[in-house]
Amino acid sequence: MNNTGDQTSFESSSSTIANAVEGVTSRSSSTSTTPSSSKSLFEPSEESSLHNEISSYYSGNRVNIPAAAESNTFSFRKLWAFTGPGFLMSIAYLDPGNIESDLQSGVVAKYSLLWVLLAATLLGLAMQRLAVKIGVVTGLHLAEMCYRQYKTIPRLLLWLMVEVAIIGSDMQEVIGTAIAIYLLSYKRIPLYVGVLITVFDTLSFLFLDKYKLRRLELFFGFLITTMAASFGYQYIISGTPQNEVIKGMFIPWSTDYRPGTLLQAVGIIGAVIMPHNLYLHSALVKSRVIDRKQPNEVKDANRYYFIEATIALLISFIINVFVVAVFAHDLYGETNQDVINRCANTSFSNDIQSAFTANNATAEINIYKAGLVLGCFYGGASMYVWAIGILAAGQSSTMTGTYAGQFAMEGFLNLQWIRWKRVLFTRTIAIIPAFYVAFFSRLEDLTKMNDVLNAVMALQLPFAAIPTVTFTSSIALMGEFVNGTYEKLISITLSFTVICINLYFITASLEQVKLSPIMIVGVVCFGVYYIAFNAYLILHMIAVMCNPSFSGNMIIQRYILHNNGALVTNIRSAPMDNQ
């Protein structure tokens, strides 16, 4: 969208910021140059950490984009060339945490929350589109942009918040993969051993991109296909009524609502929109060769990436629907005792009695119990097919989670470690808590852990959503590709709506927990810090959106804006990916 009038107004009314932009040292066009070793780890560098040969994911091997016969003509060849990053991004919508949230919503509300799942996926698509714009237009991903736009202390706090989100998500993914291995081995491989196996095979798979990027992307495509086949098989054999599924997708009211439905609906939104996924997607799109000095190429890249992301999230939505529908059909209205009675004369009887408490409460379900239930209802083969799908979901999401951790470290800290050190460090951070949980927890209690981790990740959402909206709404950063007025309003409204929904989810979850006086003090202290940090990010967003009187304020320039108001950098100075 062309915002010439807005840009003219900005330049004429904010001379302080304009002069700062002009004074920014232009980056080198060489992609092999790395920052000097004398640079401080926490001081801004003029070089992007992803413009060198040790970059994660790309490993110096970017995909060339074929030229279309006409610039405005849609080309399937170009769409195929851009296909890959969106599907890696969509895996976050299919991780074991999301799968568990899906099956729980089916048990609690039958098909009546499918419209919430659809709405959450559309909200996620809108946010992912903004993340893509940052990487495509500026040549820097979201973490690198944060490194250049925020002061040192807020930048480090932001990095810590993102790492917490990654660790929380990674714990769900690693534990989910370990549960799949446990089921596939028919309980011969303990959970903690499965965690260690997950670590080692993830590390080995991550080095596939050293040989060829497209092969790695095809491997992820294979894992997504495996999930679709596994959960699709369960959907077919369950005999789910199609009309009820379609009704649940598009009619946002139902007689199936029961106590706990609202909280479950909020949990779906919190589980679907992952904060670290915005950082991941903005970096993945840099794997294609784009000449950012050519506006038509940038426009084309934004368009094709949006189409690809739409297709990828549509597939992820369908897979999620499979899971919701199966357990809505099989377990809605069932109690723990009903499940035990139904499986009494099967080979899974002992396992079911051990997993479910004999009472008349609504059946409590997680991905482990789900495998047992499917084995009981449809035969042992169904349990193994389910486990294969969970294994594919966990394995793929742990790999993309590792990439997200590397991008965050590279961007926020300008970290120039060699590849194996970065991979080892990011995996170690996440694996220690996962191993602890696997070693000391009972499989039957993992549902509570999943709820806690969803709440933790919901808390981190502002630390991805606010910077994403901020940078895509800045004329100084995005030039002619800046968000338009309506786009700004919609993106800000969506971001804060999702944030408020997630905060409600966290508050409601805390009300169900008995807090000691020390815990109450801790919650209050964290609440003050949380509100203050969000206030800083909002003030920075208002300043970057260039209200001249606000951004020119002495206090704002000194304490909010980086480098006394400098907005780094004009997109035309960004290096080309093909250099």
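The rules behind the values
- Residues numbered from 1 in each chain as written.
- Predicted model: local features only at pLDDT ≥ 70, side-chain atom pairs only at ≥ 80, totals over all residues.
- Heavy atoms only, no water.
- Core = buried A, V, L, I, M, F, W, Y, C linked by side-chain atoms within 4.5 Å.
- Buried < 20%, exposed > 50% of the residue type's maximum accessible area, 1.4 Å probe, protein only.
- Helix = DSSP H or I, 4+ residues; strand = E, 2+ residues; numbered from the N terminus.
- Contact = heavy atoms within 4.5 Å.
- Salt bridge = Lys/Arg side-chain N within 4 Å of Asp/Glu carboxyl O.
- Polar contact = N/O pair within 3.5 Å; in protein donor to acceptor, adjacent residues only side chain to side chain.
- Axes fitted to C-alpha atoms, helices over the stretch in contact; angles between N-to-C directions.
- Parallel < 35°, antiparallel > 145°, perpendicular 65-115°, else oblique.
- Nonpolar A, V, L, I, M, F, W, Y, C, P; charged D, E, K, R; others polar.
- Phe/Tyr/Trp six-rings, centres within 6.5 Å; stacked < 30°, edge-to-face > 60°.
- Lys NZ or Arg CZ within 6 Å of the ring centre and 35° of its normal.
- Disulfide = S-S within 2.5 Å.
- Expected span 1.5 Å × (residues − 1).
- pLDDT = per-residue confidence, 0-100.

Trainee: Mind showing me how you'd approach the nonpolar core here?
Mentor: The tendency in soluble globular proteins is for nonpolar side chains to be buried as a group. Judged by nonpolar contacts, the single largest core of 156 residues is most densely connected at Phe-327 and Trp-386. Counting residues per element, this core draws most heavily on helix H14 (residues 295-331), which supplies 18 residues. Phe-327 has contacts with Leu-103, Gly-106, Val-107, Tyr-332, Ala-370, Leu-374 and Trp-386, leaving out every residue within four places of it along the chain.

Trainee: Can you walk me through the pattern of salt bridges in this structure?
Mentor: Two side chains bearing opposite charge may form a pair once their charged atoms approach each other closely. Evaluation of the coordinates by the stated rule reveals eight salt bridges. Among the salt bridges present, the one from Asp-300 reaches Lys-78, with a minimum N-O distance of 2.6 Å. In this pair, Asp-300 sits in helix H14 while Lys-78 sits in helix H3 (residues 76-82), placing the two residues 222 residues apart along the sequence. Overall, the relative accessible area of 8% leaves Lys-78 in the buried class. Note that Arg-129 and Glu-487 form a salt bridge whose closest N and O atoms lie 2.4 Å from each other. In this pair, Arg-129 sits in helix H6 (residues 114-138) while Glu-487 sits in helix H23 (residues 485-511), placing the two residues 358 residues apart along the sequence. Relative accessible area serves as the criterion here: at 19%, Glu-487 is assigned to the buried category.

Trainee: I'm lost on the side chain of Ser-185 in this one. Help?
Mentor: Inspection of the secondary structure puts Ser-185 in the loop between helix H8 (152-184) and helix H9 (191-206). Within the local environment of Ser-185, its side chain forms a polar contact with the backbone nitrogen of Ile-189, the two atoms lying 3.1 Å apart.

Trainee: So what exactly am I meant to see when it comes to unusual backbone geometry here?
Mentor: Glycine aside, negative phi is the norm for most residues, and most peptide bonds take the trans geometry. The backbone of Lys-110 sits at a positive phi, close to 60°, despite the residue not being glycine. Relative to the helices and strands, Lys-110 resides in the loop between helix H5 (96-109) and H6. Of note, the phi angle at Tyr-186 is positive, near 50°, even though the residue is not glycine. With a relative accessible area of 36%, Tyr-186 lands in the partly exposed category.

Trainee: Looking at this structure, how should I read the packing of helix H13 (residues 275-284) against helix H21 (residues 462-472)?
Mentor: Pairs of packed helices are described in terms of their axes, by the angle between the two and the distance that separates them. Across the interface, H13 lies against H21 with an axial gap of 7 Å and an inter-helix angle of 45°. Relative to H21, the element H13 lies oblique. Residues Pro-275, Leu-278 and Tyr-279 of H13 touch H21, and the partners they reach there are Phe-463, Ala-464, Ala-465, Pro-467 and Thr-468. The class makeup of the residues in the contact of H13 with H21 is seven nonpolar, one polar and no charged.

Trainee: Explain the packing of aromatic side chains to me, please; I cannot follow it from the model alone.
Mentor: Each aromatic ring pair is described using two quantities: the centre-to-centre distance and the angle formed by the ring planes. Scanning the model with the defined rule gives 20 aromatic pairs in all. Here Phe-533 and Tyr-536 contribute two aromatic rings whose centre-to-centre distance is 6.4 Å and whose plane-to-plane angle is 25°, an arrangement assigned as stacked. Here Phe-533 pairs with Tyr-536, and both are found in helix H24 (residues 517-544), just three residues apart, close to one helical turn. A single burial state applies to Phe-533 and to Tyr-536, both of which are buried. Each residue in the set Tyr-150, Phe-463, Phe-471, Phe-526, Tyr-529, Tyr-530, Phe-533 and Tyr-536 is aromatic and connected to the rest through ring pairs, giving one cluster. Above the plane of the ring of Tyr-186 lies Lys-187, whose end atom (NZ or CZ) is 5.9 Å from the centre. For the cation-ring pair, Arg-342 lies above Phe-377, with the distance from its terminal atom to the ring centre recorded as 3.6 Å.

Trainee: I tried to follow H13 on my own but got confused; where do I start?
Mentor: Think of an α-helix as 3.6 residues a turn; residues three or four steps apart then line up on the same face. Among the 10 residues of H13, 10 are classified as buried, and the element is accordingly described as predominantly covered. Inspection of H13 places Pro-275, His-276, Asn-277, Leu-278, Tyr-279, Leu-280, His-281, Ser-282, Ala-283 and Leu-284 among the buried residues, and these make up the whole buried set.

Trainee: How should the environment of Phe-425 be read in this particular structure?
Mentor: Here Phe-425 shows up in helix H19 (residues 419-440). Judged by relative accessible area, Phe-425 falls into the partly exposed class, the value being 33%. Ignoring any residue separated from it by four or fewer positions in sequence, one finds Phe-425 in contact with Met-409 and Trp-417.

Trainee: I'm lost on the state of the cysteines in this one. Help?
Mentor: When the sulfur atoms of two cysteines share a covalent bond, that bond is a disulfide. The final tally for this structure, using the stated rule, is one disulfide. Two residues, Cys-343 and Cys-376, share a disulfide whose sulfurs are 1.9 Å apart. Disulfide Cys-343 to Cys-376: torsion about the S-S bond roughly -110°, handedness left-handed. Of this pair, Cys-343 sits in the loop between helix H15 (336-342) and helix H16 (349-355) while Cys-376 sits in helix H17 (residues 367-378); the two residues are 33 residues apart in sequence, bridging distant segments of the chain. The buried category is assigned to Cys-343, whose relative accessible area is 0%.

Trainee: How should the side chain of Ser-474 be read in this particular structure?
Mentor: Among the secondary structure elements, Ser-474 is positioned in the loop between H21 and helix H22 (475-478). For Ser-474, a relative accessible area of 0% corresponds to the buried category.

Trainee: How should helix H10 (residues 213-238) be read in this particular structure?
Mentor: Its 26 residues place the ends of H10 38 Å apart at the C-alpha level, agreeing with the 38 Å of an ideal helix rising 1.5 Å per residue. Gly-239 lies just past H10 and shows a positive phi near 70°.

Trainee: How should the confidence of the model for the protein be read in this particular structure?
Mentor: Predicted coordinates in regions of low pLDDT should not be interpreted in detail. Mean pLDDT over the protein works out to 80, with 80% of the residues at or above the 70 mark. Every residue in residues 1-54 scores below 50 in pLDDT, and together they form 110 contacts with partners more than four places removed in sequence or on other chains. Note on residues 564-579: pLDDT under 50 across the span, and 61 contacts to partners over four residues away in sequence or across chains.

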